[in-house]
Amino acid sequence: MNAVIGEGRIPGFGHPHIPASVYPEAIAAFRKALEIEPDHEMATGWLGATLIVNDYQWAEGMRLIEKSLARNPNDSDLWSVYALHLRNMHMKGAEDALYKAFRLDPYGVVPVAIRVGGLQKEGRILEAAALMEIILQKDREGYATNYQSAVLNILIGRLDAAEKHVQKARQVAHPDDLSLDGLDWVIKMLRGDDSLPPFDALLERMQNERFSFFVDSGAVVEWEDTASVVAAFDLAIEQRLPEMRRILFGPKPALMPEADWRRMKEITGVTKFQQSL
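Computed from a prediction, not measured in an experiment: that's the story for all the values here.

## Focus: the overall build of the chain
Thinking step 1. Within the chain, the regular secondary structure consists of 15 helices and zero strands.
Thinking step 2. Sorting the 277 residues of the chain into buried and exposed places 47% on the buried side.
Thinking step 3. Considering only intrachain contacts with a sequence separation of at least 6, the fraction spanning at least 24 residues in the chain is 54%.
Thinking step 4. Working note: accessible area of the chain is about 14,000 Å², and carbon and sulfur atoms make up 52% of it.

## A look at the side chain of D181
Thinking step 1. By secondary structure assignment, the location of D181 is in helix α10 (residues 178-191).
Thinking step 2. A distance of 2.7 Å separates polar atoms of two side chains, one belonging to D181 and the other to R170.
Thinking step 3. Sequence-distant contacts of D181, defined by excluding residues within four places in its chain, comprise R170, D176 and R205.

## Details of unusual backbone geometry
Only a minority of non-glycine residues have a phi that is not negative, and only a minority of peptide bonds are not trans.
Thinking step 1. In this structure, Y56 takes a positive phi of about 55° despite not being glycine.
Thinking step 2. Positionally, Y56 belongs in the loop between α2 (41-55) and α3 (58-71).
Thinking step 3. Residue H90 is not a glycine yet carries a positive backbone phi of 60°.
Thinking step 4. Within the secondary structure, H90 sits in the loop between α4 (76-88) and α5 (94-104).
Thinking step 5. On the basis of relative accessibility, which here comes to 60%, the residue H90 falls in the exposed class.

Cut-offs and rules
- Residues numbered from 1 in each chain as written.
- Predicted model: local features only at pLDDT ≥ 70, side-chain atom pairs only at ≥ 80, totals over all residues.
- Heavy atoms only, no water.
- Helix = DSSP H or I, 4+ residues; strand = E, 2+ residues; numbered from the N terminus.
- Buried < 20%, exposed > 50% of the residue type's maximum accessible area, 1.4 Å probe, protein only.
- Contact = heavy atoms within 4.5 Å.
- Areas by Shrake-Rupley, 256 points an atom, 1.4 Å probe, with all protein chains shown as cover.
- Polar contact = N/O pair within 3.5 Å; in protein donor to acceptor, adjacent residues only side chain to side chain.

Functional significance is not addressed by these values, which are geometric in nature.
Right, here's the structure in full:
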């Protein structure tokens, strides 16, 4: 189980570069562990976190996380993930939970990564980039760490640094990594590089490889019509794209028909969960 809960590979955290296909396997492993040891704290908490990611079981997932933390209040990673879900769902206690995680492990990869994500969402990019340096001290070779560092450096205009992080990520990535290709495209575009490949080709790959890029409640490119918005969001829900867990609890995205927005919130259980609060 420790191989599954390694730094940067936490199924309950839900990273965009973890294939959705691994989550059912993780759920099965956690359930098997609980059959052997029903009170296993880690299996209880991470089962809950993974049920949120894969099955959109918001209430049951949070219940299991809280049950685990009550038994083992020293799990800084789980406190961090709990804080992330509280924040995504606009529930009270997110800052307190993240504070507890930092008290337990102020230099932990997961607590810092979630804090970085929060700062980025608030538009505090320079602070996020500075804080990201803490993770780099512990995980210089990691894919997720270098990917996120590349994104932050792009946002603050440090294109040389962004390119170095992309290259680092490529050392541990699949040779044909669409996520990194997308970052390369953005870097070249910002530099005015004449060798920039056609963006249509990148979009075609996204469609063929069933991949969707989201930034906040939109995409890397502006939506052209309602149909493309609905198709992209349906794909993101199917792929368990982590960003959707926050978007689903927020305002209706632009150009999204009200009927489709209600449908998406219903099939993911968000409407039922919100009504239960």
